[in-house]
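Residues per chain, in single letters:
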Amino acid sequence: MEIIIPEKNKNAVHPALLIKGAWSACSRNLKKLAAIYLIFNLPIAAIYLTPMASRLQNQEMTFLVFVCVFLPVLILSVWGNISLLLAASKAVCSQDYPVGQAINEAKAYFLNFLGTGLIATVFLTGIALLGAFFVGAFFPLLIKVNKILAISFCLIIAIVSIGFFVYFMIRWSLATVVCVLENTRPFNALKRSLVLIAEYVNPVVGTYFLFMLIYIACLVFFAVAGMFFGAGNYGEKPGWISAVFSLLLNVVLVPFWATLTVALYNKLKEVSESHVCS
């Protein structure tokens, strides 16, 4: 009987190598990726910094707030994310592409992307609300019977709710990437993401954790730089300063994140297909 040891290494997913490869692809195409990010996010920043938007954000969600603030921001955010994913997929494969092409092609995926995000958000929010409902409904009753029983019940509900929340959040984390790169409908994208990640939860979490560390390090750097340059002494302009620092931080990290998720998707697709073939 022949044993092929390299097969084990072939199916391995290494977070550090994914981060390194994604950054290499992102840095080579940073001008185009950053341009796409700025095209969509400069208008978003402008919307939030207008006096009208500032007043409307302090009100309840009305039709005026929805039309003037929420809806334009939602459309720009979704369109920008799709455009970045399309551009990142070309960057990862070392293919040349014009910026306008990625932006123009994004409209074909808009509804599926939006539907996928909404379904996942509603489902995850439902899990959190269901857990809160059970705690709120039964805790007052159980506390009258036994304090330890009431606390134990709340802990169990909290653990179960958090467990389900994290389970689906991780396994559906590539659903929007799938719906764009495979041009699938929302439920199929969610199912496909779950299948891709099922056998590789640890490396996927490791990849996200490494990126989070990078993001935190950059956030700390910009916070220190802001203090050094006296960003806290601008009196009436804290909103402008925060917006500028946010753009400077995310103009690199958001394209990097898009490239990383595409690279992760490609890797999981590769190892799953090689596993099936073997």
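Computed from a predicted model, the values in this text were never measured in an experiment. (Residues numbered from 1 in each chain as written. Predicted model: local features only at pLDDT ≥ 70, side-chain atom pairs only at ≥ 80, totals over all residues. Heavy atoms only, no water.)

Chemist: How would you summarise the packing of helix α7 (residues 110–145) against helix α10 (residues 186–198) if you had to cite specific residues and measurements?
Modeler: Interhelical geometry of α7 versus α10 gives an angle of 65 degrees and a closest axis separation of 8 Å. With respect to the hand of their crossing, α7 and α10 are arranged in right-handed fashion. Side by side, α7 and α10 meet where N112, G115, T116, I119 and A120 of the first sit next to P186, F187, A189 and L190 of the second. Its residues assigned to classes, the contact of α7 with α10 shows six nonpolar, three polar and no charged. (Axes fitted to C-alpha atoms, helices over the stretch in contact; angles between N-to-C directions. Helix = DSSP H or I, 4+ residues; strand = E, 2+ residues; numbered from the N terminus. Left-handed = near helix turned anticlockwise from the far one by under 90°. Contact = heavy atoms within 4.5 Å. Nonpolar A, V, L, I, M, F, W, Y, C, P; charged D, E, K, R; others polar.)

Chemist: So what about the packing of α7 against helix α8 (residues 147–171)? Which residues, and what values?
Modeler: Contact pair α7 / α8: the axes reach a minimum separation of 9 Å and the direction vectors enclose 175 degrees. In terms of axis orientation, α7 runs roughly antiparallel to α8. The segment α7 lies against α8, with F123, L124, I127, G131, F134, V135, F138, F139, L142 and I143 engaging K147, L149, A150, I151, F153, C154, I157, S161, F164, F165, F168 and M169. Looking at the contact of α7 with α8 residue by residue, the class counts come to 19 nonpolar, two polar and one charged. (Parallel < 35°, antiparallel > 145°, perpendicular 65-115°, else oblique.)

Chemist: Lay out the side chain of T259 in plain terms, naming residues and giving numbers.
Modeler: Mapped onto the secondary structure, T259 falls in helix α12 (residues 238–277). Setting aside residues up to four positions removed in sequence, T259 forms contacts with A22, A25, C26, L33, A88 and V92.

Chemist: Could you give an account of the packing of aromatic side chains, with specific residues and numbers?
Modeler: Going through the model one piece at a time under the given rule, you end up with twelve aromatic pairs. When the centroid spacing of 5.0 Å and the interplanar angle of 70 degrees are considered together, the rings of F123 and F168 count as edge-to-face. In this pair, F123 is assigned in helix α7 and F168 in helix α8, connecting sequence segments 45 residues apart. Through a chain of ring-to-ring contacts, the aromatic side chains of W23, Y208, F211, F256 and W257 assemble into a single cluster. For the cation-ring pair, K32 lies above Y97, with the distance from its terminal atom to the ring centre recorded as 4.7 Å. (Phe/Tyr/Trp six-rings, centres within 6.5 Å; stacked < 30°, edge-to-face > 60°. Lys NZ or Arg CZ within 6 Å of the ring centre and 35° of its normal.)

Function cannot be read off these values alone, since they describe shape.
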